[in-house]
Amino acid sequence: MLSPKDNELLTRVGPGTAMGELMRRYWIPAGFSHQVAKPDCPPVRVRLMGERLVMFRDTQARVGLLDERCPHRTASLFLGRNEECGLRCVYHGWKFDIEGNCVDLPSEPRDYNLQARVKARAYPCVERGGLVWAYMGPPQQKPEFPDLEWARIPDSHRYLTRHIQECNWLQGLEGGFDTSHLSFLHGAAGDHDHIDVPSRYEVVATDFGFIAGTGRDQPGGEIAWTANVMLMPFHKIIASNPAAAHVWVPMDDENTMLYSFDFNLERPLTDEDLARSKAHNGIHTENIPGTDRAIQNRDNDYLIDRELQSSGRSFTGMRGLGIQDCAIQESMGPVADRTAEHLLACDAAIVKIRRLLLQTLKDHADGKLLPGMNPASYRVRSGRFEAPKGVPFVEAMENYVRRDAPVAAE
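Here's a quick rundown of the structure. None of these values were measured; they are calculated from a predicted model. Note on numbering: residues in each chain are counted from 1, in written sequence order. Since the coordinates come from a predicted model, pLDDT governs what is reported: local features require at least 70, and pairs of side-chain atoms require 80 or more to be given and counted, while whole-chain, interface and lining totals use all residues. In computing side-chain values, all of the structure's heavy atoms are included and hydrogens and water are not.

For the rest of this paragraph, the subject is the overall build of the chain. Under the scheme used here, helices are H or I runs from DSSP no shorter than 4 residues and strands are E runs no shorter than 2 residues, and both carry numbers assigned from the N terminus. Tallying secondary structure elements over the chain gives twelve helices and 19 strands in all. Every radius of gyration here is taken over C-alpha atoms, with the globule rule written as 2.2 Å times N^0.38, N being the number of residues. In terms of overall dimensions, the chain is globule-like: its C-alpha atoms have a radius of gyration of 23 Å, near the 22 Å expected for 410 residues. Its C-alpha atoms give the chain principal-axis dimensions of roughly 80 × 50 × 45 Å. When the accessible surface of the chain is split by element, carbon and sulfur atoms take 50% of a total near 18,900 Å². In this tally, Asp and Glu contribute negative charge and Lys and Arg positive charge; neither His nor the terminal groups of the chain are included. Charged side chains are reduced to one point each, which is NZ for Lys, CZ for Arg, CG for Asp and CD for Glu. Computed over 47 positive and 56 negative side-chain charges, the inter-centroid distance for the chain is 4 Å. To be clear on the numbers: accessible area is Shrake-Rupley with a 1.4 Å probe, and residue cover counts the displayed protein chains and nothing else.

What follows deals with the pairing of strand S15 (residues 222–231). Here's how the labels work: a residue is buried when its accessible area is under 20% of the maximum for its type, exposed when over 50%, partly exposed in between, all with a 1.4 Å probe on protein chains only. Judged by how many residues are buried, S15 sits mostly within the fold: nine of ten residues are covered. Here strand S14 (residues 209–217) folds back onto S15, and the loop between the two strands holds four residues, one of which, Gly-221, carries a positive phi near 95°. Where S15 and strand S19 (residues 383–388) come together, six bridges link them in antiparallel fashion. Paired with Ala-227 across the two strands is Gly-383, which belongs to S19. Judged from the three bridges that link them, S15 and strand S16 (residues 235–238) form a sheet pairing that is antiparallel. When the bridges of S16 are listed, Val-229 appears paired with Ile-237. At least two bridges found by DSSP between two strands is the condition for calling them paired. Connecting S15 to the antiparallel partner S16 that follows it, the hairpin turn spans three residues.

Moving on to the environment of Leu-258. Its place among the elements puts Leu-258 in strand S18 (residues 255–263). On the accessibility criterion, Leu-258 (5% relative accessible area) is buried. Residues Leu-258 and Trp-169, 89 residues apart in the sequence, show an inter-C-alpha distance of 8.8 Å. Each residue touching Leu-258, except ones within four places of it in the same chain, is listed here: Thr-161, Arg-162, His-163, Gln-165, His-246, Val-247 and Trp-248. Should any heavy atoms of two residues lie within 4.5 Å, those residues are considered in contact.

What follows deals with the nonpolar core. Only buried residues count toward a nonpolar core. Its members are Ala, Val, Leu, Ile, Met, Phe, Trp, Tyr and Cys residues joined through side-chain atoms within 4.5 Å. Of all hydrophobic cores here, the largest spans 77 residues; its most connected members are Leu-48, Leu-65, Trp-150, Trp-169 and Leu-357. Sorting elements by how many residues they give to this core places S15 first, with six residues. Beyond its immediate stretch of four places on either side in the chain, Leu-48 contacts Ile-28, Pro-29, Ala-30, Leu-53, Leu-65, Met-136, Val-249, Pro-250 and Met-251. If you look at the next biggest cluster of nonpolar residues, it comprises 15 residues, including Val-54, Leu-87, Phe-96 and Val-118.

This next bit is on the side chain of Asp-252. Mapping Asp-252 onto the fold places it in strand S17 (residues 243–252). Of note is the side chain of Asp-252, whose polar atom sits 2.9 Å from the backbone nitrogen of Glu-254. Separated by 2.8 Å, the side chain of Asp-252 and the backbone nitrogen of Asn-255 make a polar contact. Once residues lying within four places of it in the same chain are set aside, the contact partners of Asp-252 are Val-13, Arg-47 and Gly-50. Any pair of nitrogen or oxygen atoms within 3.5 Å is treated as a polar contact; in protein, a donor-acceptor pairing is required on top of that, and neighbouring residues in sequence qualify only through side-chain atoms on both sides.

Here, a salt bridge means any Lys or Arg side-chain nitrogen found within 4 Å of an Asp or Glu carboxyl oxygen. Summed over the entire model, instances satisfying the criterion amount to 33 salt bridges. For Asp-58, the salt bridge identified is with Arg-62, shortest N-O distance 2.8 Å. The class of Arg-62 is partly exposed, set by a relative accessible area of 36%. Its salt-bridge partner being Arg-88, residue Asp-104 comes within 2.9 Å of it at the nearest N-O pair. Here Arg-88 lies in strand S6 (residues 87–88) and Asp-104 lies in strand S8 (residues 102–104), a separation of 16 residues in the sequence. One network of salt bridges, in which partners are shared, links Arg-24, Glu-51, Asp-67, Arg-69 and Arg-121.

Along the polypeptide, Asp-217 turns up in strand S14. Along the backbone, Asp-217 and Asp-67 are 150 residues apart, and their C-alpha atoms lie at a distance of 53 Å. Here Asp-217 is in contact with Ser-199, Arg-200, Glu-222, Ile-223 and Lys-389, once residues within four sequence places are set aside. At 2.5 Å, the side chain of Asp-217 and the side chain of Arg-200 are in polar contact.

The values are spatial; any link to function lies outside them.
Right, dumping it as structure tokens:
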């Protein structure tokens, strides 16, 4: 279990918190590019890292992310006019460009000194992989954008959705690396009677985050490893076919925007590749039209089918892997009380992950180099492989996880 102090350290992400300041050192997804598809289109509200923001695309097709509050009287810039390379507040006409500069101040006598002193909080943005990414940290420490493989491939090679999880980001991340739940939560009744329990659990700190490995002894004397990659601060590359990924982006302490991807690095995804995803039986959810909230949600008990559950065909009675994960993680409360846990051997990876995150927070406070600051370090893949029993996981994984060169850019 975690102490109350450590639980607070790992879960709180607002401005000025330890985890919030650490996450702000990385590029963070703010929304889909298609949400601001055309120059001068309507702005979009964004809730990110405990801040109320507004995203827009200006006349020159550049994307901006501003504090939703106008610096004048704190009226919402979401209601503003997106025109002539700036977002104009409809209350008094003050206008701001994508860098937060006040480019027009019509309610006052022409005073360029005053105009130069007025500034809206703004975060730099880039577009990669169908998403708008923001950097919210100290400007002088802004890193290059990481070499995420799924963000470099053509749109045809990638399938992307998102939905809101009504719980803290860490519940999502820990659930993503909790391997022992797979035969229970995602299986049929009776699957757990003959599960192949891993004989080894490994979590290895790396220059990009960590790798979580589960090993199973094989009759031939080898170990079958499954290696899942965590990229700082909240990415997972899933060892699956087709390849898949999650990004758990904190909206605030009690809500998370979960981005989910299927991708193929070599070719476009086919209808066959996406049949399960588009039927919402995999990691992707079906959302209420026009929203980011899943149709199966806490208010309707995730449409749990007790008859299906009792039939033995589903251990949970809930449809879709994504919904099953979401339901369990939300059931822990908005922020899980980890002081009430009773962890066992199967939770070894979770314990190690928490220790690594706490160490990273300490390293950040001490001014040490953080994992993931070198964009090339993200050239990694999850996967499954076998290795001789005498070869440590930390050595075996290097031959399968690392990639020396990036995939071709889109």
